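# Structural features, examined
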Amino acid sequence: MTKQTIKETILSYMKDQKKKSFSMEQLAEGLNLQKSADFKLLVQTAAALEREGLIEFNKKGKIKLVETGISLEGTFRGNERGFGFVTIDEEEPDVYISKENTNYAMNGDKVLIDITQPGDPFSDRGAEGKILEVKERAVTQVVGEFIAYNEEEIANTDLYGYVLPKDKKLNGLSVFIASEGIRPVDGSIVIAEVTHYPEHGYAKSLEGLVKKVIGHKNDPGMDIMSIIVAHGIPTAFPEEVMEEADQVPDTISDSDLNGRRDLRDSIIVTIDGEDAKDLDDAVTVEKLKNGNYFLGVHIADVSYYVTEESQMNQEAYERGTSVYLTDRVIPMLPQRLSNGICSLNPKVPRLTMSCEMEISPEGTVLNHEIFQSVIQTTERMTYTAVNEIIEEQNPETMARYNKLVPMFQEMAELHEILEKMRERRGAISFEDREAKVLVNEEGHPQDIVMRTRGVGERLIESFMLAANETVAKHFTDLKLPFIYRIHEQPKEEKMQRFFDFAAMLGILVKGTKADITPKDLQRVLNQIDGKPEEAVINTMLLRSMQQARYSEDNYGHYGLAAEYYTHFTSPIRRYPDLIVHRLIRSYENDRSEATQEKWNSLLPDIADHSSKMERRAVETEREVDSMKKAEFMADKIDEEYEGIISSVTKFGIFVELPNTIEGLVHINNLKQDYFHFVENHLALVGERTGLTLKIGQKVLIRVVKSDPETREIDFELIEAEELERLEIQRPKRGNNRKSRRRKEKGHGKSAQQEKKPASPAKGGKATGKKGGKKPFYKEVAKKKKTKNKKKKKM
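Predicted model only: the values in this text are computed from it and were never measured. (Residues numbered from 1 in each chain as written. Predicted model: local features only at pLDDT ≥ 70, side-chain atom pairs only at ≥ 80, totals over all residues. Heavy atoms only, no water.)

## Looking at the overall build of the chain
The secondary structure content of the chain amounts to 20 helices and 34 strands. Among the 794 residues that make up the chain, the fraction classed as buried is 49%. For the chain, the proportion of contacts with a sequence separation of at least 24, taken over those separated by at least 6, is 68%. For the chain, the computed accessible surface area is about 39,400 Å², with 47% contributed by carbon and sulfur atoms. (Helix = DSSP H or I, 4+ residues; strand = E, 2+ residues; numbered from the N terminus. Buried < 20%, exposed > 50% of the residue type's maximum accessible area, 1.4 Å probe, protein only. Contact = heavy atoms within 4.5 Å. Areas by Shrake-Rupley, 256 points an atom, 1.4 Å probe, with all protein chains shown as cover.)

Here it is in structure tokens:
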């Protein structure tokens, strides 16, 4: 092959691939140029293409096409100030789109862009572009509150009124409702189908028709329902799904037991919370004579009832996961299955998928079996009861479960072994701080409490992790198509930010940003265990991690330091687990090439869709949580609380209370001084007083605003722990393109001139107090004045 021919082949191949950047090895493999002579020619040709300006190398040494003048497709992410970014490839930096070049694209739209200025990865300058065309709209319907026009306004505008979207990503947009079709009453929560999108002269306006009235904003529970519907989560099962579910029997028959191992005489228990209804996992443990441990994990065999071609399967696929909200659960499967035949209720036979393991005293799985079974649980245990038994706290509980006490003690032993094994290999153990909002019958929050995790909760987690890893390794070894739960290595730029932040707190991180191991990061957490900055370091490290997701390729689980991992243990509430069970059954009968090809074609879409549905559920849960926490704080205006600074930005500081409620002290409300944002220290520094505000600092705040509608909580700073003053780094003046771009992003304005963004409202139980100490800034000024007087005397 000549150099000219290989040039054309390389360029053509790179243009045709979805992937935008390639290592030399990936190019060689893709072009079948792996022989020594061919590879040498490939390297020489790549060098020539770089000299000609047709390709370039990114920071990671990967090759990508030079993008100037090339039209590319990507996803637009809009900013509330009007500009935005387009993501073309997850591995590459986003393309900046100025306010003038968005072409009325909305957040999430698929767009076609033109690169107007290529990026320079070695000077950290990103590419810039303009949107040529909106290829696909992300928003086709909007959920929100309907504001009605009066009869005169309707006659003049030919509109019934407008809808204020519930989705915070659509802040500032109004959807005007044409005077046709359904006419809701004022205050109705509606679903509106968008018929016209923003255009010249109407940049913040959409037009649509009301397709459905969900209820009224004053109806009980409508606040949560609005968020659910806004995220597109179905609230009811289709009729055909319910009819199919009704055909599922309430009990198992003899024919159901064909090919199953009968474990009904074994001592097996479920361990869950008191209010759990869908019991999908059961366990048993026994210490063997050879010193090893026998662990049996038995999971409800949902795939036996939810078959591949069924309507229930299609609905479960679409939903992807159950969604757990403050006062309700939106299940993945009809309750007839999830709370009935698929729930491992006590002392009744149930069909299961079992993973039995023999585990050494060092925590190594020596032998295992995965098979279909039938069990009959001995007891339905709660975490509370198991914790009381293990800690020998309650004699009554010990007496009630007398025959099971030795097994729970052996469970605790095995859990400790498995936990230490994960620690040795470097699994990252984050501080677990989770708050639960307690509501009354009307859905109004009454209290916010911290969830506690005893040995009972943790041992079930250990056993589920062991089963998930064992099943994943089993199918990896068999080299069969499979679905994995993966967690990839953190991206270098995020790790660098974490390194810089840790260094500011005097924490040395071993390893490099490119190849840092989970064990290195766990050492960091060990260094700050029990210290004031522990929660902040935990938060910053979590933000530096990539999101876990599902994949047909096994990349391992970074956070768990696990080479193999999947989700096998919750098929009632997660679709990937149901698929893992289906794969087990499928390969038990047939491992032919045709079967493998079938799963090879299906699994990528299943993994991708399941990951998206998981993210949708998490976003919904967070929004509901934030709303209820803001509602909880709404009657606590003017009360004072102690907290710590959890985040510092150029527009202010976020303060977190001990129970996770978080609010914003906007820089406009920092009356103590004029503050500069010192970015490399993530700090605000007062120009006159030298007052320094940093992450992890203890503060006293007053609640000044809490709005459930916007989910914003605002605080006022009363007092702050004194810290060593930082030097203010004043921005250089300039009139170049970079300065203009920074100004457009808000960097060019003084921090006090910044527009206030929506602040997250993360809650917690408030224990307020009126009044407070003398404002800390007066104390600082007083000390400074005294110090200056002393200097004069000297």
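## Description of helix H10 (residues 383-390)
Here H10 lies mainly inside the structure; seven of its eight residues are buried. Residues of H10 that are buried: Tyr383, Ala385, Val386, Asn387, Glu388, Ile389 and Ile390. Tucked inside the fold, the buried residues of H10 contact strand E15 (269-272), strand E22 (379-382), helix H11 (395-400), helix H12 (405-425) and helix H13 (455-478). At the exit of H10 stands Glu392, carrying a positive phi of roughly 50 degrees.

## Focus on unusual backbone geometry
Positioned with a positive phi, Asn103 is a non-glycine residue whose angle comes to about 55 degrees. Take Asn103: it is sitting in the loop between strand E6 (95-97) and strand E7 (110-117). A positive phi angle, close to 50 degrees, is found at Glu392, a residue other than glycine.

## Thoughts on the nonpolar core
Membership of the largest hydrophobic core comes to 85 residues, with the highest contact counts inside it found for Ile271, Met381, Phe408, Met411 and Phe463. Per element, the largest residue contribution to this core is 10 residues, and it comes from H13. Discounting chain neighbours no more than four positions away, the residues touching Ile271 are Val283, Met381, Thr382, Tyr383, Val386, Phe408, Met411, Leu459 and Ile460. Ranked by size, the runner-up nonpolar core spans 48 residues in total, among them Val437, Ile448, Val536 and Ile695. (Core = buried A, V, L, I, M, F, W, Y, C linked by side-chain atoms within 4.5 Å.)

## Side note on the environment of Ala562
If you trace the backbone, Ala562 turns up in the loop between strand E26 (549-551) and helix H17 (575-589). Each C-alpha atom, one on Ala562 and one on His487, is 9.4 Å from the other, the two residues being 75 residues apart in sequence. With near-sequence residues (within four places) excluded, Ala562 lies in contact with Arg425, Glu469, Gly556 and His557.

## With respect to the pairing of strand E10 (residues 159-165)
Burial of E10 is extensive: five of the seven residues sit out of reach of the surface. Sheet topology places strand E9 (residues 141-148) next to E10; five bridges connect them, and they run antiparallel. The residue bridging Gly144 from the neighbouring strand is Pro165, located in E10. (Pairing = 2+ DSSP bridges.)

## Focus on the packing of H12 against H13
Running from N to C, H12 and H13 point in directions that differ by 60 degrees, and their axes come no closer than 9 Å. Put simply, H12 runs oblique to H13. For the crossing formed where H12 meets H13, the hand is left-handed. Contact residues: H12 offers Met411, Ala412, Leu414, His415, Leu418, Glu419, Arg422 and Arg425, while H13 offers Val455, Arg458, Leu459, Ser462, Phe463, Leu465, Ala466 and Glu469. Taken together, the residues of the contact of H12 with H13 sort by class into nine nonpolar, two polar and five charged. (Axes fitted to C-alpha atoms, helices over the stretch in contact; angles between N-to-C directions. Parallel < 35°, antiparallel > 145°, perpendicular 65-115°, else oblique. Left-handed = near helix turned anticlockwise from the far one by under 90°. Nonpolar A, V, L, I, M, F, W, Y, C, P; charged D, E, K, R; others polar.)

## Quick notes on the pattern of salt bridges
Following the criterion strictly, the structure yields 35 salt bridges and no others. One salt bridge in this structure joins Asp223 and Lys628, with 2.8 Å as the shortest N-O distance. Taken together, the residues Asp223 in helix H5 (residues 222-230) and Lys628 in helix H18 (residues 593-633) connect sequence positions 405 residues apart. Among the residues examined, Lys628 registers a relative accessible area of 3% and is labelled buried. A salt bridge links Asp520 to Arg523; the shortest N-O distance between them is 2.7 Å. Of this pair, Asp520 and Arg523 both sit in helix H15 (residues 518-527), separated by three residues, roughly a single helical turn. What makes Asp520 buried here is its relative accessible area of 11%. Judged by relative accessible area, Arg523 falls into the partly exposed class, the value being 38%. The network of salt bridges with shared partners includes Asp223, Lys628 and Glu631. (Salt bridge = Lys/Arg side-chain N within 4 Å of Asp/Glu carboxyl O.)

## Topic: the sheet that holds E7
Around the barrel, which closes on itself, the five strands sit in the order E4-E5-E6-E8-E7 with mixed pairing between neighbours. Put simply, the sheet's adjacent strands are angled 50 degrees from each other on average, direction ignored. Pairing analysis gives five bridges linking strand E4 (residues 71-78) to E7, with the strands arranged antiparallel. Looking across to E7, one finds that Gly74 is bridged to Val111.

## Here we look at the packing of aromatic side chains
Two measures describe an aromatic ring pair: the distance that separates the ring centres and the angle between the ring planes. Scanning the entire structure with this criterion turns up 12 aromatic pairs. Both rings, one in Tyr13 and one in Phe22, keep their centres 5.8 Å apart while their planes meet at 50 degrees; by these two values the pair is tilted. With relative accessibility at 19%, the residue Tyr13 sits in the buried group. Judged by its relative accessible area of 3%, Phe22 falls in the buried class. Aromatic side chains Tyr317 and Tyr575 sit 5.7 Å apart centroid to centroid with 75 degrees between the ring planes, which places their arrangement in the edge-to-face category. Of this pair, Tyr317 sits in helix H8 (residues 311-319) while Tyr575 is found in helix H17, placing the two residues 258 residues apart along the sequence. Residue classification places Tyr575 among the buried residues on the basis of a relative accessible area of 3%. The side chain of Arg485 reaches across the aromatic face of Tyr550, ending 4.6 Å from its centre. The aromatic ring of Phe632 is capped on one face by Lys636, whose charged end is 4.0 Å from the ring centroid. (Phe/Tyr/Trp six-rings, centres within 6.5 Å; stacked < 30°, edge-to-face > 60°. Lys NZ or Arg CZ within 6 Å of the ring centre and 35° of its normal.)

## Examining the pairing of strand E5 (residues 84-87)
With four bridges joining them, E4 and E5 adopt antiparallel strand pairing. Residue Gly78 lies in a different strand from E5, and its bridge partner there is Gly84. Pairing of E5 with E6, which is carried by three bridges, proceeds in the antiparallel orientation. Paired with Phe85 across the bridge in E6 is Tyr96.

## Thoughts on helix H3 (residues 36-51)
Counted at 1.5 Å a residue, the expected span for H3 with its 16 residues is 22 Å, and the 23 Å between its end C-alpha atoms agrees. Where H3 is concerned, the buried positions are Leu41, Leu42, Thr45, Ala46, Ala48 and Leu49. Viewed end-on, H3 has its buried residues packed into an arc of 160 degrees, placing them on one side of the element. Exposed positions of H3 whose direction lies more than 90 degrees from the buried face are Ser36, Lys40 and Arg51. Gly53 sits one or two positions beyond H3 and adopts a positive phi of about 75 degrees. (Expected span 1.5 Å × (residues − 1). Arc of directions from axis to C-beta.)

## Topic: the sheet that holds strand E12 (residues 188-196)
The five strands are arranged E9-E10-E11-E13-E12 in a closed barrel whose pairing can be described as mixed. Across this sheet, the average inter-strand angle for adjacent strands is 50 degrees, counted without regard to direction. Lying on the sheet, H5 is in contact with E9, E12 and strand E13 (205-216); it crosses E13 at an angle near 135 degrees.

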